[in-house]
Amino acid sequence: MTERRIKLWIKAAAVRALKTMAQTAAATIGTTAMTMGEVNWMFVASASALAGCMSLLTSVAGLPEVELEMEAEGKHFADDDTDVMEG
């Protein structure tokens, strides 16, 4: 992979992971407590961290926004001479 593609992937994967973590935190806070004093913050942090890790692992399969950005620059995955594509 080219350095540009790696930087795009890291940025896109990090944004997705942070959004996933925020959504998970909001959902666990909302479903586990009636008031802020009843929130199990360790559970919220643990669930959010796990969701972030799962998001990063899922991103390994590919991120459409990276491919769209590369195509907008006139580059395609197959054009990347350092990538090995076997058919």
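Refer to the structure printed above.
Values in this document were obtained by computation on a predicted structure and should not be read as measured data.

Procedures and definitions
Residues numbered from 1 in each chain as written. Predicted model: local features only at pLDDT ≥ 70, side-chain atom pairs only at ≥ 80, totals over all residues. Heavy atoms only, no water. Helix = DSSP H or I, 4+ residues; strand = E, 2+ residues; numbered from the N terminus. Buried < 20%, exposed > 50% of the residue type's maximum accessible area, 1.4 Å probe, protein only. Contact = heavy atoms within 4.5 Å. Areas by Shrake-Rupley, 256 points an atom, 1.4 Å probe, with all protein chains shown as cover. Salt bridge = Lys/Arg side-chain N within 4 Å of Asp/Glu carboxyl O. Core = buried A, V, L, I, M, F, W, Y, C linked by side-chain atoms within 4.5 Å.

A tally of regular secondary structure across the protein gives three helices and zero strands. Along its sequence from the N terminus, the protein presents helices and strands in the succession α-α-α. The 87 residues of the protein split such that 25% are buried. At a minimum sequence separation of 6, the contacts of the protein that also span at least 24 residues come to 74%. Working note: accessible area of the protein is about 6200 Å², and carbon and sulfur atoms make up 66% of it.

Moving on: the pattern of salt bridges. As enumerated under the stated definition, the model contains two salt bridges in all. Glu3 is paired through a salt bridge with Lys7; the nearest N and O atoms lie 3.2 Å apart. Within this pair, Glu3 and its partner Lys7 are both found in helix H1 (residues 3–32), separated by four residues, close to a single helical turn. Two residues, Arg16 and Glu65, come together in a salt bridge whose shortest N-O distance is 2.9 Å. Placement of the pair is Arg16 in helix H1 and Glu65 in helix H3 (residues 64–72), with a sequence separation of 49 residues.

All right, on to the nonpolar core then. Leu8, Ala12, Ala13, Leu63, Val66 and Met70 together form the largest nonpolar core, which totals six residues. When residues of this core are assigned to their parent elements, the largest contribution, three residues, is made by H1. Excluding residues that lie within four positions of it along the chain, Leu63 makes contacts with Trp9, Ala12, Ala13 and Arg16.

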